[in-house]
Number of protein chains: 2
Amino acid sequence: MLKQWNGTEKPSDEVLTARLQTAREKLARQQMQLKEMKLPVLVLVEGWGTSGKGSSIGKIIKGIDPRFFKVASMEEPTIEELRKPFLYRHFVKIPEAGKFQFLDSGWMDEVVEAKLHQDLSEEDYKNRIDSIKRFERQLTDNGYLVMKFFLHISRKEQQKRIENLQKNKDAKWRVGKKDKWQNAHYDKCLDVYDSYLEDTNMPSAPWYIIDAKSRKWTELQILETLTQGIEIALNNHALSVPLLQNVFPLVPMPKLSDIPLDTATIDDETYKIQLKQLQRRLGELHNRLYRKKVPVIIAYEGWDAAGKGGNIKRLTEALDPRGYEVHPIASPEPHEKARHYLWRFWNRMPKDGHIAIFDRTWYGRVMVERLEGFCSENDWMRAYNEMNEFEKELYDWGAVIIKFWVQIDKDTQLKRFTDRQNTPEKQWKITDEDWRNREKWDQYEEAVNEMIQKTSTVYAPWYILESVDKKYARIKALQIVVNALEQSLK
Amino acid sequence: MLKQWNGTEKPSDEVLTARLQTAREKLARQQMQLKEMKLPVLVLVEGWGTSGKGSSIGKIIKGIDPRFFKVASMEEPTIEELRKPFLYRHFVKIPEAGKFQFLDSGWMDEVVEAKLHQDLSEEDYKNRIDSIKRFERQLTDNGYLVMKFFLHISRKEQQKRIENLQKNKDAKWRVGKKDKWQNAHYDKCLDVYDSYLEDTNMPSAPWYIIDAKSRKWTELQILETLTQGIEIALNNHALSVPLLQNVFPLVPMPKLSDIPLDTATIDDETYKIQLKQLQRRLGELHNRLYRKKVPVIIAYEGWDAAGKGGNIKRLTEALDPRGYEVHPIASPEPHEKARHYLWRFWNRMPKDGHIAIFDRTWYGRVMVERLEGFCSENDWMRAYNEMNEFEKELYDWGAVIIKFWVQIDKDTQLKRFTDRQNTPEKQWKITDEDWRNREKWDQYEEAVNEMIQKTSTVYAPWYILESVDKKYARIKALQIVVNALEQSLK
């Protein structure tokens, strides 16, 4: 793309000024429509050093109400960020519905820098590209407008700018090592940038090359393209998206109704012995994975009153509190609801070496959100693939991912509900909502069956915990976790 | 994709039969909705030899009204087709609005076969992939549903099928050389198929891998995916599409109002001499390009009464009638209107060595269709890029592309209109529509300026023919054609 690019013809100053005025007014009008339509806009500004990325953003935001946008500059990843999955620091920056997020460089910069300095093998680079394409597609599929600009200048122009800045005492600091290195290796950089743009140029989130030879002209090109993109996105409200086929290997799963529950029991004596043994072993493994920096994600889903809480407790009892966190997941807060539904989970990703336990998870999308109509059919049908992709991202980062479905039958639930209702100190545990959900048992069962069929990948499989006998379920959970950690620490 | 694929679990016969019933009924209902919503559906069935492509299509169409679908089998290209652009034989097969087109193999087969047998260099392969991605994107951008299936079987399964067919006297003929070759080179084929699927797996036209181990199961997978795709596409009616940036190098063009017309004249004597010389030269070149199999496309656009007809005549006078065709382009016929707007032009592509002259062209999209509201704003704004891509396809095929804008001023048009009105034998040449168009002169001028700015690529530039003096315009046209042909025959 960049290599074929033959520049633009800059209009006369008069025309430029007039068009700038028009474009600015258009953007000012659009910000209100975006707000109303709840459309989030992510504007990624990449480009050569000294091409004016920051100053262009600075000019464009002048016309936007400060409540409606944020700007972030890409810095070197912090030590903390380096311990998170590659996409983490980018995903957490996505805008809220109805708002702009401007990024002065983002994931492109990170990847091309690594490629230029041979920090990424060909294969790792390819994986990064796949991650980025999935990330951007997940955003656009979920109603985000993603506008990607690359500010282009020639080697000569860059050299001139560097020299001019260096001559100026007050601006000198603005020339970084990176700018000089780029200029000295311009052709090499051009190659790498060009293939990156080609590789990530998707029709739903295409690249726009901006001829950055003059400031005003740069601003105008960005403004005109941006407002055009917004106009189109506003037209495309409530769009459905083609469902993609799962491409990840799956583990075959039984139907819930085929799982025998009565025989899954353990006697008290064995329980006590095994619990002690397994917890001791888990504690040891926790230390080892902390040192080896293996991140662990344990996801719990299951029927109300199935015994998730007690099960989680038997895990955490064995863990060093500095090395794990339990995330109880309730309905999303307004600021969470205003973003991609995976955002609040990306935000809760542990550092490597740490364990994150989720008491209810992102799978709410294909259970409660599906059945209560909190999202469209297209949304939840697409979600199976989005979750497999999400977990693939975590797996590629090095995470151990364990997903538990805590299973009981309908009668057992009734018994436990009634017990809770009749026991004063347990009454807080039972709500009207629990009873309402219970009425939809069959629909939930169908949804759960579909979920475990479609999202039990080899790298993030589901495990059924038969929990009519809660003790049996606890021992089984501990065994599975211990086994998985032993495997990963081999 | 294929390589990661780990198959599916085939449901029990009972479940299979029930789901088949449901899916068939759904498709039967959908065909009426498709008809009503005018949605065209292209179903591409690719896959291994003996995987059951043809028989699957055969079963699926049983539920569709024969008026609503067509089936085409990919054959070896005819000699005639080999003389057309690569996409020609595929583009002409796209369905009408509201109808299905099933393809038993298509462009994938053609490209992977060529790659497998080393008939395509790496670079040519990459170009083919780009062409295909643009082709499919142009279809989906213009409201087509494109469903792509790959029928997958293992080497063993294929071998078994080949052996069984060969044992059976009546079925023996169905095993082709190609099937056996594939089976003997299964891994090599798998590699090539896998990269093709990866390379062309776009979110708007994704690949679906079908586990073709059993006939019924194959049919069900296709049916369920197809009906799901249709459901989503029906929801997405009147969708807008992001505008892509032009990636092809452009020639800067003047504004129409900046082109001096008065000084562009020629005296009769010079005209006669030059006309004769140029026509003789053009005749010679026509013979040479016929022998060298260079295709030539000459496109005429211009104001009403600008003198297109007479200009074209001076070209054709010099040509051997067996080697050229003039295509007068009027409003599209109903069967043309029911397809992608470029379809009728793809259909009129010359064979190599031949000249096609278009009297009005595909640029109607950004002039009359734009100004009369025959297409949406998103449609015509997207069209500049679509035309550059279209012409790039022709250029890559080897075509010489010359585009003329025949320019006069408003007064000259008035004079010619009045003259036509007052001269009985010329009255047929002037209609009420001409007068109506004239009232929109300024809007047309703006549209034409935008058009020539945005679509004057280095490989298919616009030339302005100053035609207040028609003779001057004729000589200029002849000179440009002669020069371009000489260049290409060097």
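Here, the structure is the one placed above.
Residues numbered from 1 in each chain as written. Chains lettered and ligands numbered in written order. Predicted model: local features only at pLDDT ≥ 70, side-chain atom pairs only at ≥ 80, totals over all residues. Heavy atoms only, no water.

Student: Is there a simple way to explain the interface of chain A and chain B in this structure?
Tutor: One widely used convention gives an interface's size as the accessible area the parts lose upon coming together. Contacts between chain A and chain B engage 34 residues on the former and 34 residues on the latter. Roughly 2,900 Å² is buried in total at the junction of chain A and chain B, and carbon and sulfur atoms are behind 51% of that figure. Scanning the region where chain A abuts chain B turns up zero salt bridges. At the surface where chain A touches chain B, the tally comes to eight residue pairs in polar contact (both at pLDDT 80 or more). Listed by contribution, the elements that provide at least two residues to the side of chain A that touches chain B are α6 (122–141), β5 (207–211), α10 (215–235) and α16 (377–397) of chain A. With four residues, the top contributor of residues to the side of chain A that touches chain B is α10(A). Split by residue class, the side of chain A that touches chain B holds 18 nonpolar, 10 polar and six charged. (Contact = heavy atoms within 4.5 Å. Buried area = accessible area lost by both parts, 1.4 Å probe. Salt bridge = Lys/Arg side-chain N within 4 Å of Asp/Glu carboxyl O. Polar contact = N/O pair within 3.5 Å; in protein donor to acceptor, adjacent residues only side chain to side chain. Helix = DSSP H or I, 4+ residues; strand = E, 2+ residues; numbered from the N terminus. Nonpolar A, V, L, I, M, F, W, Y, C, P; charged D, E, K, R; others polar.)

Student: Hey, could you run me through the environment of Lys392(B) in this one?
Tutor: All names here are of chain B. Tracing the backbone through its elements, the reader meets Lys-392 in helix α16 (residues 377–397). A relative accessible area of 14% means that Lys-392 is categorised as buried. Setting aside residues up to four positions removed in sequence, Lys-392 forms contacts with Arg-134, Phe-248 and Tyr-459. (Buried < 20%, exposed > 50% of the residue type's maximum accessible area, 1.4 Å probe, protein only.)

Student: Teacher, can you tell me more about the packing of helix α5 (residues 107–116) of chain B against helix α9 (residues 186–199) of chain B here?
Tutor: Each packed pair of helices is defined by two parameters, the angle between the axes and the distance between the axes. All names here are of chain B. In contact at an axis separation of 10 Å, α5 and α9 are set at 130 degrees when each is read in the N-to-C sense. With respect to each other, α5 and α9 are oriented oblique. With respect to the hand of their crossing, α5 and α9 are arranged in right-handed fashion. Contacts from Trp-107, Met-108, Val-111, Val-112, Lys-115 and Leu-116 in α5 reach Lys-188, Cys-189, Val-192, Tyr-193, Ser-195, Tyr-196 and Leu-197 in α9. Partitioned by chemical class, the residues of the contact of α5 with α9 number 10 nonpolar, one polar and two charged. (Axes fitted to C-alpha atoms, helices over the stretch in contact; angles between N-to-C directions. Parallel < 35°, antiparallel > 145°, perpendicular 65-115°, else oblique. Left-handed = near helix turned anticlockwise from the far one by under 90°.)

Student: How should I be thinking about the sheet that holds strand β3 (residues 100–104) of chain B in this particular structure?
Tutor: The strands making up a sheet associate through backbone hydrogen bonding, with each pair oriented either parallel or antiparallel. Residue and element names in this part refer to chain B. One open sheet holds the five strands; their spatial order is β2-β3-β1-β4-β5, and the pairing between them is parallel. Whereas interior strands pair on both sides, the edge strands pair on one side only; in this sheet they are β2 (69–73) and β5 (207–211). Strand-to-strand twist across the sheet, computed as the mean angle between neighbouring axes with direction ignored, equals 20 degrees. With seven bridges connecting them, strand β1 (residues 41–47) and strand β4 (residues 145–152) associate as parallel partners. If you follow Leu-42 over to β4, its bridge partner there is Val-146. Sheet strands touched by α9: β4 and β5. Its angle to β4, the strand with the most contacts, is close to 160 degrees. (Pairing = 2+ DSSP bridges.)

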